[in-house]
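Here is how the chains run, residue by residue.
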Amino acid sequence: MTPSKSIASGSVFRNIFILESRQGWSAIQPNFDPVQDFVLTYDFALRKLVEDSGGAARYVDHLCEQSLMQENNFLMYRFFRDWHLDADGADIFRYREVDFGFSFRIEIWNDYTFYVRSRLCLEQLRGFVYQQIYLDSGLPLLRETLDDMGLAFEVLECSASAESAADGYFFPIHRWMNERLRIRLPRHVLRDLVVTVQGVAMSWLDRAVDCFGGKAGVFVQEYHPTRRLLQRLRQHPGIRVLQAHFSAAPGLMKFLRERPIPIYGRLKTYQEPSARLMEAFRQRRSARLILSNGVDITDAVNRSINRKIVEVLPQVLRALDCVINYLDRHPLRLEILIANIGQVAMLVDSVAKSRGVPSYMIINGLLGNDYLDEAKYATVINAYSKSIRENYFRGMDNIVCLGDPRMDAYAHAPVRRINRVTPTITIGASGFSNIDLNSFLAVEFEFLYEVLLAIRNLEHPAPAFRVVLKVRPNGYLELYRQFTEEYFPGMVNLIVDQVPMREVLHESDLFISIYSQTLFEASCLGIPVIYHKNDREIMDPPFDGESELVTTHNVSDLEQALQDFLVGSHRFDAFLDKSVMEKYIGPLDGKNLERNFDYVIGLLEHSSACSGEQGKR
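Residues numbered from 1 in each chain as written. Predicted model: local features only at pLDDT ≥ 70, side-chain atom pairs only at ≥ 80, totals over all residues. Heavy atoms only, no water.

Examining the environment of Gly475
At step 1: For Gly475, the location among the structural elements is in the loop between strand E15 (466–470) and helix H15 (477–487).
At step 2: A relative accessible area of 14% places Gly475 in the buried class. (Helix = DSSP H or I, 4+ residues; strand = E, 2+ residues; numbered from the N terminus. Buried < 20%, exposed > 50% of the residue type's maximum accessible area, 1.4 Å probe, protein only.)

Focus: the pattern of salt bridges
Pairs may arise between side chains of opposite charge once their charged atoms sit close together.
At step 1: All chains considered together, the criterion is met by 38 salt bridges.
At step 2: Between Arg307 and Glu144 there is a salt bridge, and its shortest N-O distance comes to 2.9 Å. Of this pair, Arg307 sits in helix H11 (residues 298–329) while Glu144 sits in helix H5 (residues 140–149), and the two are 163 residues apart along the sequence.
At step 3: Linking Arg288 and Asp296 is a salt bridge whose minimum nitrogen-to-oxygen distance equals 2.9 Å.
At step 4: Of the residues examined, Arg288 reaches a relative accessible area of 52% and is grouped as exposed.
At step 5: In the salt-bridge network here, residues are joined through shared partners; they are Arg96, Asp321, Asp328 and Arg355. (Salt bridge = Lys/Arg side-chain N within 4 Å of Asp/Glu carboxyl O.)

Focus on the sheet that holds E15
At step 1: Pairing in this open sheet of six strands is parallel, and the strands run E16-E15-E14-E17-E18-E19 from one edge to the other. Among the strands making up the open sheet, the edge pair consists of strand E16 (494–496) and strand E19 (551–552).
At step 2: Sheet topology note: the strand E14 (residues 424–428)/strand E17 (residues 510–513) ladder contains three bridges and is parallel. Bridge assignment links Ile427 to a residue of E17, and that residue is Ile512.
At step 3: Against the sheet, helix H14 (residues 443–457) touches E14, E15, E17 and strand E18 (529–532), its axis set at about 165° to E14. (Pairing = 2+ DSSP bridges. Contact = heavy atoms within 4.5 Å. Axes fitted to C-alpha atoms, helices over the stretch in contact; angles between N-to-C directions.)

Description of the pairing of E14
At step 1: Across the five residues that make up E14, a large majority, five, are buried.
At step 2: Both faces of E14 are covered, namely the face carrying Thr424, Thr426 and Gly428 and the face carrying Ile425 and Ile427.
At step 3: Taken together, the five bridges between E14 and E15 define a ladder with parallel strand orientation. Note on E15: the bridge partner recorded for Thr426 is Val468.

Some remarks on the sheet that holds strand E3 (residues 56–59)
At step 1: Taken in spatial order, the five strands line up as E3-E2-E1-E6-E7 in an open sheet, and their pairing is parallel. For this open sheet the edge positions go to E3 and strand E7 (154–156), each flanked by a neighbour on one side alone. The mean inter-strand angle of the sheet, taken between neighbouring strand axes irrespective of direction, is 25°.
At step 2: Where strand E1 (residues 15–19) meets strand E2 (residues 38–41), four bridges bridge the pair, whose relative direction is parallel. Residue Phe17 lies in a different strand from E2, and its bridge partner there is Val39.

Dropping the structure here:
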């Protein structure tokens, strides 16, 4: 959305209103002066409402220049790497000879980056001249941040009215994190009970069977890149595959074949060691985070981290205890990861590292920010391609390029015959990236608004298009329905989330998306693609705007690309070339699973040989 008014340091306002969404608008609207006041929000709907009325509005989490946020990305992740270490570089979180501070990442990541982003953005308020700041009462994290800064503000009770429209259009990241990590429904309790009973029973059975000859234990972190490899390894007679949970495979036989690690025990047992570890953390922590503007926010981010760690530490210690005990009974020879995040998976990784067990990582999709390290800690890492190895993994010498096993499904796929007269245009929804300071909560709705606006603006008659919106499985489908009905009624023919991407692509003639591996999947099927980059994240090739990938940055660019598609322009041809795609995604010969499987077997054979040599000594 193009701002209707220019806002810069030194801008003068009467009041600055900070509201979560338009649900709070009714509380301030009678007193709002579009000439003198300024609105900050997370919500696409509220920003558009204010700007359409002639007022000034911006996203409260998107106030800084790209270069400033990128510089602080590096500072932020340097602290994130070291926060759990003492002055000597030792992990403060150590239990039964296992260092496990690294395993907390998934628990603290969002709250940590959210504070840093909020602090950097709210620091920009110091450059404005204003009389009063009014803060929505529903924003306790921003209230805390303003308190840390020493800025005066008044709290607004912004209760939603019965007549208010949808809450607003932005990704509810805190709700999403709670649903994924912390909220336990009856089905979660039942799942854990099944895993415990089955895991304990299978452990006794395996110990009995091992009396007649043991198998090599391989832990696999199951997700898209490792799913087929896991199935293949399970068929090997000399390998026992261990998992953090039951796989996504259908059928009841998995309850006999699979080996999830059971987690059980009384939490009360772990209260005292948790308290000791937290006290050690308070006494020994040494990492500091000083932003590029010189502001030291160490105490604030430690407060955020401390809150999460205190909440989960007893559960983590119980899980770690169970993992240690299980791996004592069923030793590992190798672990296969998809990232350095995960709850049980990173505890297994912590134990494996303490015992010298090698690890093999198959990265989870395309990686594109060199300040990140969510996939940089393993004995050997499969980076798919030379491009990822030379960018994301620059300077690392433990990288192999064996391709992505899931791309085998596209290696010999029939090429779609493209309909340019009445085409189906599929839009792959954007998404907020909580790991990049340059992202913001409303980015997916800014993206969708621009794409649908460009399609609507075409002179080509709208009824000739069929528009399909593919929402990420971790998105909120109802928000998209409300959004399209409000701003583009009748324009989107179908919105799906759980339908497999390949099934959606089989009916597509053009695919528009953000930086995503799905662009490669579409290209493998002969479908022209457009990478619409309306965010400010700095990415590696082919998402840097300088590669063969057709890239647009605004509505005008996108309209031209759509016109070029309709007339069969050759600008799309390069990224349909398999040799071009292979530079970025790795081999597309259908042999990636075999390469990865053979490499894993080689690692196991090498591990066995090393164990034999140690035994001789």
